[in-house]
Structure formats: structure tokens, C-alpha cells
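# Per-entry structural report
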Amino acid sequence: MRASIPHEAGTVDRDGADIYYEVHGSGQTTLFLVPPAPITHSKIFKAQVPYLARHFRVVAMDARGNGRSGQPTEKEKHTRAENVADMLAVMDVTETTQAVLVGHCHANWWCVEFAARHRDRVTGLVAIEPGVPYIGPVQQHWKDTAPNWEAELDDPQGWALNNRHVYLTEHRRWIEWFFGQQLIEAHSTKQFEDAVEWALESTGAVLVAGEEGIEVEAPSKEDFEKVVAAIDYPVAVIHGELDICQCVERGRQFAERVGGELHILEGAGHLALARDPVKVNQIIKEFVDRLSGARMNSHTWTRGMNRRKKVLYLSSPIGLGHVRRDLAIAQELKRLQPEIEIDWLTQHPVTPVLEAEGERVHPASEWLASESGHFSDESHGHDLHCFQALRSMDEILVANFMVFQEVVEEGLYDLVIGDEAWDVDHFWHENPELKRGEHAWMTDFVGFLPMPDGGDHEAYLTADYNAEMIEHIERFPRIRDKAIFVGNNDDVIPEVFGDGLPKIRDWTEAHFEFSGYVTGFTPPTSEESASLRDELGFAEDEKVCIVTVGGSGIGQSLLEKAIAAFPIAKRTIPELRMIAVAGPRIDPASLTSHPGLEVHGYVDRLYRHLSVCDLAVVQGGLTTTMELAAAKRPFLYFPLSRHFEQNYHVRHRLDQYGAGRYMEYASTDPDALAAAMVAELARRIDYRDVETDGALRAAKLISELI
Amino acid sequence: MRARLPDTTGTVVRNGVSLGYEVYGDGPQTVLLLPTWTIIHSRFWKMQVPYLSRRYRVITYDGPGNGRSDRVTNPDRYSVDEYVDDAVAVLDKCAVDRAVVVGLSMGGQYGSRLAWRHPSRVAGLVLVGAALPLAPNSERSSIAEQFFKPYTEPCEGWEKYNLAYWHDHYEDFTKFFFSQVFSEPHSTKPLEDAVAWASETSPDILEAEAARPVVAGEGSRASVATPDEAVAAWSLVLSELTCPVLVVHGTHDRIQPYGVGVEAARLAGATLVSLKGSGHMPNVRDPIRFNLVLRRFLDGLAP
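Quick notes on the rules
Residues numbered from 1 in each chain as written. Chains lettered and ligands numbered in written order. Predicted model: local features only at pLDDT ≥ 70, side-chain atom pairs only at ≥ 80, totals over all residues. Heavy atoms only, no water. Helix = DSSP H or I, 4+ residues; strand = E, 2+ residues; numbered from the N terminus. Rg over C-alpha atoms; globule rule 2.2 N^0.38 Å. Buried < 20%, exposed > 50% of the residue type's maximum accessible area, 1.4 Å probe, protein only. Areas by Shrake-Rupley, 256 points an atom, 1.4 Å probe, with all protein chains shown as cover. Expected span 1.5 Å × (residues − 1). Bend = angle between axes of the 7 residues up to and from the residue. Contact = heavy atoms within 4.5 Å. Pairing = 2+ DSSP bridges. Axes fitted to C-alpha atoms, helices over the stretch in contact; angles between N-to-C directions. Buried area = accessible area lost by both parts, 1.4 Å probe. Salt bridge = Lys/Arg side-chain N within 4 Å of Asp/Glu carboxyl O. Polar contact = N/O pair within 3.5 Å; in protein donor to acceptor, adjacent residues only side chain to side chain. Nonpolar A, V, L, I, M, F, W, Y, C, P; charged D, E, K, R; others polar. Phe/Tyr/Trp six-rings, centres within 6.5 Å; stacked < 30°, edge-to-face > 60°. Lys NZ or Arg CZ within 6 Å of the ring centre and 35° of its normal. Domains from an automatic or database assignment. Right-handed = clockwise from strand over helix to strand, strands pointing away. Core = buried A, V, L, I, M, F, W, Y, C linked by side-chain atoms within 4.5 Å. Patch = residues over 30% accessible without salt bridge, like charges linked within 9 Å, V, L, I, M, F, W, Y side chains within 5 Å. Lys, Arg positive; Asp, Glu negative; His and termini not counted. Charge placed at Lys NZ, Arg CZ, Asp CG, Glu CD. Parallel < 35°, antiparallel > 145°, perpendicular 65-115°, else oblique. Left-handed = near helix turned anticlockwise from the far one by under 90°.

To continue, consider the overall build of chain A. Within chain A, the regular secondary structure consists of 27 helices and 24 strands. For 706 residues, the compact-globule estimate of 2.2 N^0.38 gives 27 Å, and the C-alpha radius of gyration of chain A, at 29 Å, lies within 12% of that figure. Projected onto the principal axes, the alpha-carbon positions of chain A cover approximately 95 × 65 × 50 Å. Here chain A holds 706 residues, and the buried ones make up 61% of them. Surface exposure of chain A reaches about 27,200 Å², of which carbon and sulfur atoms provide 48%.

Right under this line is the structure:
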């Protein structure tokens, strides 16, 4: 799912080629994002758009040759004049009188030419890794391969792939080589996949036309010098020091020639906008603020010693899992330190639960892009590839981190509690100078694990993510002031982080403190159970089976399967009653109905129902299964296929308590499910007790920080 | 030892009075830090000068009556417009066409009227705890009536704001006054500094300053109540300012209530930075935040 949806999008016909554009946000100042085509398209700016659009109006285009724009293959259709005319057409059709141009790579040449021809339409230029002719040296690999552009080479390798025939016949090979060289930063797997995917939305023939077209009617050095000398608009250059496409000296000299700002990102390569998005976003924002004459806003600063203790609590909104435990921890924290104030930065479906409890939800929460919506989008039937869903959430994480950072800079918080707030933990390690306040990191699992069907590549990817996390913490131990594992030592899975990496449990024990599990509620005693059953209308002589799939909207297929098994099981156990809870995102009317079957939408405090049921059929999510374990109820759990956390981490933990029966969705038909239901109903429950002091233990650990 | 010595020290003589000024740094933009009530002198900017002068040219000077300026006993020489003319003379002497002007307390009057009378010389205006008759001051409402009357022992609190008391118990008055200026806890050092600076002038000088002529719109030390005419005149000045204005005001300011800053910002269409818990001289008591706020404002004005 995209982090920002354009409020206007379309194409403009430019002499036979459609040029795609979109508009995000609003405001006095427009930023016009121009990607270097045909090698990529507007998605290269995906980490910039949501943030910039909160502050400015943002117009983005797919330049000709890629994305949703036309893909002519004649080089005459890829001249600078054509690209400049495309830019003008997009500005006209979006009624953009003036804009700050934001170009990447050779698109900056178009931007400079555009400004030369249409000076009144341009108020400034952010030149990211600019490549304009005659300014700064060209790298050796470009010099070496240029003479062989047209040659038919025998078995070209490496940079020799920069060749017309290779483009035409082995397009992907060139693209993978090129971006492999560009992404010199470690752990760039996602950025690499993205860049290759976008490049392959075009073709080798178009890429050849693009390469050859930009040189058509190239200006003489003297003529181009005049263009550069005439630049009188403000320019900011952002350049990765290790850029292998446009060497940093080109950016440096361009900035010098035009009297522009120069921002060098040391250690960064050509795709800094994707690999160091937070820093790039802030540079762009500050530059545009300066040139649009934005004055300092009125604000209040509170003297340090006049401040009350303030906590910002981030509760992961994926599913509804964490809100109960986070509320329980917050309540214990307030009991330990009554003077603290807690603001919550979180989103649907967590927000209404917090508001119902009278908690204070920070108003900036409404700017957050939906993480739970993204996970719903990524699920299909009973399948959720949770690791890939987290990876493809990258632009949402950047967008939400930018919101968080503004909140934390203005809010003067003493402490940030992140319950699996991946964005905060990741980007504070990547941008450690941005850290504000103490940081308590909480999680209930450590280590991304590959699913078997992902093969070696997925094992490589999960190991890469784990390695990055380990390196983050080794290099910047000051970012996590407290790391809390919500569980016990034995709950940590006995696996390794990947080839050549530590054992997960050893590493976790060295880097975390353990709070024990946090249920968020106390299971009823047997007397309380009887009265609760009575209150909920569960008769003594009936066997109540609850089927629930949580709040995320993932899981209609499990509901259907359980509903199909119900009449079969009822033949053996006539007193069986089934209550199916569809949750807020599944329409109860869409489910099959049977006599004796009740279907509900949202059920308030479902854990109370679960704590006195006779049987539950659930997914493999940690919260629900552990609620059942704590209440010592029989239950069948079906981890979502390809969901590594449910299949490995949760299952391992439930095994520590001897709780529940693991079921595989794909191999379980309604008959098998009915048989398992009957068997589980007859089971003697001998689960280990689930600790009830987890919230207090977690709160005490956190309390040490404030 | 001072953190930063001036690059240039000089005097300018205007209308019969010699004024000492200092110049620090050589940035392209100039910041003029105005004098305030002459009970203290330009050293009250000591927390700002070293920081600002690394990036800007900073000019400070002493007004008549304290520091390295003549001890003037002629009340006429303390009118707001005399201060404005002094500021212009200092700018001229330093060959500065345009400066960002920063005024604290009484300096807020000088700065506002300087920017109003000479808009071409002022690139931006910062008002800190400005002394403008724009909001009632309940603690000090009786000052104007009691100022010239005899005082009665024991004299407590704001009763010490009395001309006769100044002459009899000058140091005690300054200690009381600055205890109100520095309303923040743990302000012993700022209090000592201010009392020491106050000892460099005398009750005679403060008496002359208090008797300065009140032209329409100026307000005066002895007329702290807010007659409609003064309110109207200052409102006009502020609302006619053309340069960017920043208002900085502490919410715990006991000398000029926070409401003055709010109203000044509204009239001038200014950015208002509220310092929660700060008193009358946040530049001294919260120097880091104050410097950062000032720097952000100055950067936004950079040519």
C-alpha cells in the first residue's frame, strides 16, 4: 500500500506520448519531482512524497519512457527538448504557475534547461546527485565504456555491459549490474529490488533511445556555460559522497558554479533519496522553507525544570494485539509514577480502544499512514507473508517516522516507549543525531526467520535484516536505553539469526531484559468464570466454541472453514454452540449461516468471552493464543501461512506453556477440523501458568528511565 | 575573563553625550543589541554576544547614564526619541545601513520606535519582555501614584519602587527589583551581575531618566498605568511596522506581563515565542534557548 495517495492523477498527451503525473498535498509552494527516465519513474521519490506533501503541494511525473508514461523507442522522441516540453505540459495541466524543481541524476539537466527556457516558472532547484554536462569529471567506467557503446562485444562483463546491444538483448543483466553498483550501502536489498523492478517496467530499446536521445543536439561547452552562468534561482545540491553514477565532484562543482548550497552525504551512494530518506527529506524541507521565506512559527518552549514528565507511547497497530498489553503497562507506569503524562501516537484500530479508556491520543496520529491497512492488503486468504509485508511497508515507515520525529521534537518528551515501533528503532539508528529523550524498545520476538518456500534467497534476506539490526545495536548502543523482551528467556526461539550470525537466544539474553508475558488482563477464578458465563449467556450444559480472526480483516477463509466444520462436529457433540466473531473489517452477512451458529461483528472485550469458552478456533497471533493459554482454555490455532512470527515464534512460545493445538490451514479440511474440535474439547488442560505480573515488571524496567 | 572581546571599541558623541559602543565579528548581517533601562548597561547581552558574533556582526552600546556612556542628568536626554537617535548615530558611526534590532524591556520601546521612524535601517525587530503599555500589570498598578511620594517604613515589595527609597536604599532597591526580574529559582548569579551593573550608575541618574519628557505614545517610567492615549500610540507604531518582527516573552515575567508580548505580537503580525516558566530576562536565564530562537529568526532574514 502506498503511504500517500494522490488526490489528482492523470496523463497529458504530448505529441503522441502520454505523460503521467500525480499531485499530492496542498499549499502555497509546489515541488515538482522529476525522475531520471527511462531508467526509473516517479516511485523513486516514494520516500519523499508523503513527507513533503504534508508541508507542500507536490507534483510528480513519470518522465517519458517508463512508469505510466508512453514508451517511444525513437531517440528523436527522447531529446532534452521533449523532456522539457513534458515538464511544461505537466506544470500547465496541473495549473502549477511556479515550482521548486527537484531532479535526480540526469533529470537535473532537463531541470536546468527547463529553467533556462521558462525562468518565470521556477523558484528554485533541488539537484540530487546532478549530472549536467561539462561540469565535473565523468567516472572512469563511463569513459572506458563509451567508445564501445555500439560495438558487439564478446562476453561483456561488469561495466562493459554499458553497451547498446546488451541493453537490447540482456536488459535485466545491465539493470542488475548498474543498481548493484549504485547501492554501495550495506543492507540495501529492498532498495535494489525496487530499483530493478521499476527499471524493468521499461525496455532495453527505450533505454537505448533515452541514452542516445539526451545527447541529440547537445549544446557546446560555451553555450552550456552561458546557461549555467545565467542561473539566478536558489539551488541546493544533495550528493552522496560515494556516488558511482554521477561522481560527487560533479555535484560539488555545480553547487560552486551556481552559488548553491551543497549537502554531501558521506558514506552514501547515488540513491541517497531511497537509502537515507530521512536526511534527504529534511534537507529538501529546510531548503524550501528558506527560499519560500517561511518564517519561524509562533511556538512555546517550556523551561526544563518547569516540565512535567512526559511519555510518548507508540503501540503497534498491526492487528489489535498490543493495545491491551500497552494499556496495562501504561497503567502500571502511572501507578509507579503518578505525575507522568502519556500521549499515544498510534492509529486505527488501536486509537478507538485508547480513546474508550480515556487515554490521550496525540492529534498527529491522524497523519500516520495505515500500517494495518497495508498488512490487510498484503494478505490473501489465510496467507500473509509477514516478512515481505514489513519490507514492502518501507515507504509507510519513512512517512510515519517523519511524523513521529516532528512530534517528538515539538513535544519535549522525556521518554519514548516503542512497542514494536519499527520505524523509530530503525531510523533512529540510521540517523542517531535525531534521537530525543530516552527510548524503551519492546518486542515479543527477536529475529526474522525465513519460511521454507522462500528458499535460499529469503534466508539471505532475513539474515541481512537481522545483521543490520545487530550492527545497529552494536554501533549505537545509546539508541535503545532499554530493550524489553515481552516474555521469558525460554520463549526466545532456539535458532540462529542466519549464516555466520549469533544464536538468537544468546544475543537476546545479552541485549534485552525480560518482563515475562503481559496479558493485559487477569484470568477469572473458577467462581468468576461461572458468573461470567452466566453474564454472557453461556449455559452450563452447552459447549461454546468461539471462532475469531482478530481485528485485521485477514481471516475470512478460516471463519468459513470453521463454519463448515460446525455441523459436522455438532453431530458428535449436540450441545455444541458456535460463536463466530468476524471483527470490524469482515461483513458478518458475507458468511454462511447454520442453525446454532451466531455471527458477530465487533465484540467488546472479547478476551472475557474467550476466558470462559469451552473451545476456541483462532489464528496464530500471539495475543489471542496467549489469552487462551492464560485462561487455560482448549484451543486450535492456525498460523497464517508464510507468517514466520506465528509459525515459529508464537508456536515455540505456546509450546513452553504446553498450550493449544497447532493446526495447518492448508491440510485441514472441515472434517479434520471437526475431528480436532471434538478431540480438543475432551482434552485435559495442564498448561503451565502464564505469569500475571508482566505489566508491572515491564513498567518497573521502563520506570528506571524516567 | 570575557568569553569574547570586542573587535572594535569606540565612542560616538551625539547631542552632547558620549556613548560607548562595541563591535564583535564581521558577518554580512548586523545585529544591533539595544540598551535597556539604564539601571544596567550593555553587559546584559553577555550570553548572546559570543554566539551571535561567530555568524553575525554584533553591535552593543551603552545608553546615557551607565556603562561607558556619560552619566547624564538632563531628563530630556532620556526620551525614547533620543534613544532612537542614539541608535541611528551608532549605526552611522559603524557604517551600517541596515541591522536586525533587538530590544529588551525598555529596549522594546526604543526598538519599536526606531523601526517605525527609520524602516530602511531595520531589517528585522526582536522584542524581548517588551515594556509596552498593552496589558495591565496587577502587581505594579500602584507604582505611578506612589513613585514621587514619601515612602513609609517598613517598605516592602513594590513599595520600594519609590524615588525617595532609591535615594535612601539604592542597593536594597536594586536587589528587590532584580529578584522580580529573575523570577526563576536559582538565579543568584544573574542577580549578583545585575546588582553590580546597577551600582555603576546612581539614583540621581535614575531620577533624571524617570523624569524624561513623555511625548505622545512614549509612555514613561513613572506612568506605568495604561492611559488610552499611550495604548493607542504604541498600537499604531506596532501595527505600522513593515519589517519581520519576533516577540519573545516569558510567561512568568513579573515586570512586563506575558499579555504584553501576546498583544504586541498580534499588533505587529509577529512570530510569538512563548517561554513557559521564564521571567523578564530570558536572554540571561535561558540563554541557550534564547540564542537558538534568535539565531533561527536571524537565519530566516539572511539576505
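What follows continues from the structure just given.
Residue and element names in this part refer to chain A. Taking 1.5 Å of rise per residue, 17 residues should cover 24 Å, and helix α22 (residues 556-572) covers 25 Å from first to last C-alpha, within 8% of that figure. In the structure, α22 departs most strongly from a straight axis at Phe566, where the bend amounts to approximately 35° and where the proline Pro567 lies between one and four residues downstream. For α22, the full list of buried residues reads Ser557, Leu558, Leu559, Lys561, Ala562, Ile563, Ala565, Phe566, Ile568 and Ala569. Considering only its buried residues, α22 is in contact with β19 (543-548), β20 (576-581), β21 (597-600), β22 (615-619), β23 (635-638) and α26 (670-681).

With respect to topology, nine strands assemble into an open sheet ordered β9(A)-β8(B)-β7(B)-β6(B)-β5(B)-β3(B)-β4(B)-β2(B)-β1(B), the strand pairing being mixed. A strand with exactly one partner marks an edge of an open sheet, and here the two such strands are β9 (299-302) of chain A together with β1 (8-14) of chain B. In this sheet, adjacent strand axes meet at a mean angle of 20° when their direction is disregarded. Sheet analysis places β9 of chain A next to strand β8 (residues 271-276) of chain B, joined by four bridges and oriented parallel. Of the residues in β8 of chain B, the one forming a bridge with Trp301 of chain A is Leu275 of chain B. Running at roughly 160° to strand β6 (residues 122-128) of chain B, helix α12 (residues 287-301) of chain B makes contact with β9 of chain A together with β3 (30-33), β5 (99-104), β6, β7 (245-250) and β8 of chain B of the sheet.

The pairing of strands in a sheet comes from backbone hydrogen bonds and takes either a parallel or an antiparallel form. All names here are of chain A. Read from one edge to the other, the open sheet built from seven strands follows the order β12-β11-β10-β15-β16-β17-β18, with strand pairing classed as parallel. Edge positions in the open sheet fall to β12 (360-361) and β18 (513-514), since each of these has one partner strand only. The sheet contact formed by strand β11 (residues 341-344) and β12 spans two bridges and is parallel. Residue pairing for β12: Asp343 is matched across the bridge by Arg360. Across the sheet, helix α17 (residues 394-411) touches β10 (310-315) and β15 (415-419), and the angle it forms with β10 is around 165°. Sheet contacts for helix α18 (residues 422-430): β10, β15 and β16 (438-443); angle to β16, the most-contacted strand, approximately 130°.

Taken together, the contact pairs 22 residues of chain B with ten residues of chain A. A combined buried area of about 1,400 Å² lies between chain B and chain A, and 52% of that area is made up of carbon and sulfur atoms. If you sort the residues of chain B by the area they bury against chain A, Thr271, Lys276 and Arg289 of chain B come out on top, with a joint share of 34%. The interface formed by chain B and chain A holds one salt bridge in total. In this structure, the salt-bridge partner of Asp286 of chain B is Arg303 of chain A, at a minimum N-O distance of 2.9 Å. Across the chain B-chain A interface, the total number found is seven residue pairs in polar contact (both at pLDDT 80 or more). Put simply, the parts of the chain that give the side of chain B that touches chain A at least two residues each are β8 and α12 of chain B. Of the residues contributing to the side of chain B that touches chain A, the split by class is ten nonpolar, six polar and six charged.

Take the packing of aromatic side chains next. On inspection of all chains with the given rule, the structure shows 49 aromatic pairs over all chains. Where Trp422 of chain A meets Phe448 of chain A, the ring centres are 5.8 Å apart and the plane angle is 35°; that geometry is what we call tilted. Here the residue Trp422 of chain A occupies a position in helix α18, and Phe448 of chain A occupies one in the loop between β16 and α19 (455-475), the gap between them amounting to 26 residues. For Trp422 of chain A, a relative accessible area of 19% puts it in the buried group. By the ring-pair criterion, three or more aromatic residues cluster together here, those being Trp37, Phe147, Phe148, Trp158, Tyr161, Trp166, Phe173, Phe176, Phe177, Phe178 and Phe182 of chain B. A cation over a ring is seen here: Arg688 of chain A above Tyr657 of chain A, with NZ or CZ 4.3 Å from the ring centre.

Turning next to the domain arrangement of chain A. Residue and element names in this part refer to chain A. We note that the domain assignment places domain 1 (8-136 + 211-291), domain 2 (140-205), domain 3 (309-519 + 697-703) and domain 4 (526-681) within chain A. Using C-alpha coordinates to define each centre, domain 1 is positioned 36 Å away from domain 3. Each partner contributes to the interface: domain 1 provides 13 residues, whereas domain 3 provides 15 residues. Summed over both partners, the interface of domain 1 with domain 3 buries about 1,200 Å², with 55% contributed by carbon and sulfur atoms. Three residues stand out in domain 1 for area buried against domain 3, namely Lys46, Arg54 and Val278, and they jointly supply 46% of the buried area on that side. Seen at the junction of domain 1 and domain 3, the total is five salt bridges. Close ionic contact of Lys43 with Glu395 constitutes a salt bridge, the shortest N to O distance being 3.5 Å.

All names here are of chain A. Over its 14 residues, helix α25 (residues 644-657) extends 20 Å from the first C-alpha to the last, a length consistent with the 20 Å expected when each residue adds 1.5 Å. Taking the largest bend as the criterion, α25 deviates by roughly 30°, centred on Val650. Where burial is concerned, most of α25 is hidden: ten out of the 14 residues are buried.

This paragraph deals with the side chain of Thr508 of chain A. All names here are of chain A. Within the fold, Thr508 resides in helix α20 (residues 504-511). Looking at Thr508, the relative accessible area reads 0%, which means it is buried. Beyond its immediate sequence surroundings of up to four residues, Thr508 is in contact with Val446, Phe485, Val492 and Phe514.

Let's shift gears to the pairing of strand β7 (residues 235-240) of chain A. Successive residues of a regular strand alternate their side chains across the two faces of the sheet. All names here are of chain A. Burial analysis of β7 places six of its six residues in the buried class, which makes it a mostly covered element. Of the two faces of β7, the one lined by Val235, Val237 and His239 and the one lined by Ala236, Ile238 and Gly240 are each fully buried. The sheet contact formed by strand β6 (residues 122-128) and β7 spans four bridges and is parallel. Across the sheet, the residue bridging to Leu125 is Val235, located in β7. Across five bridges, β7 lies against strand β8 (residues 261-265) in parallel orientation. Counterpart to His239 in the pairing with β8 is Ile264. A crossover links β7 with its parallel partner β8, the connecting element being helix α10 (residues 248-258), and its sense is right-handed.

On to the nonpolar core, then. Within the largest apolar cluster, 107 residues are counted, with the highest numbers of intra-cluster contacts made by Leu31, Trp174, Phe179, Ile284, Leu312, Phe404 and Trp428 of chain A. Residue contributions to this core peak at ten residues, all from α17 of chain A. Excluding its chain neighbours within four sequence positions, the residues that come into contact with Phe404 of chain A are Leu312, Leu314, Leu345, Val416, Val424 and Trp428 of chain A. In this structure, Ile39, Cys155, Ala208 and Val237 of chain B belong to the second largest nonpolar core, which totals 106 residues.

Before going further, it helps to spend a moment on a negative patch on the surface. Residues Asp534, Glu540, Asp541 and Glu575 of chain A make up a contiguous surface patch of negative charge. Relative to the helices and strands, Asp534 of chain A resides in helix α21 (residues 526-536).

Quick look at the environment of Tyr313 of chain A now. Residues and elements named next belong to chain A. Following the sequence through the fold, Tyr313 ends up in strand β10. What makes Tyr313 buried here is its relative accessible area of 0%. Taking the C-alpha atoms as reference, Tyr313 lies 8.2 Å from Thr346; in sequence the two are 33 residues apart. Among the polar contacts made by the side chain of Tyr313, one reaches the side chain of Asp326 at a distance of 2.9 Å.

All names here are of chain B. Remark: helix α3 (residues 106-117) packs on helix α9 (residues 228-239), axes separated minimally by 9 Å, with the N-to-C direction vectors making an angle of 55°. The angle between α3 and α9 falls in the class oblique. The handedness of the crossing between α3 and α9 is left-handed. Of the residues in α9, those in contact with Gln109, Ser112, Arg113 and Trp116 of α3 are Trp234, Leu236, Val237 and Leu238. Among the residues forming the contact of α3 with α9, the class breakdown is five nonpolar, two polar and one charged.

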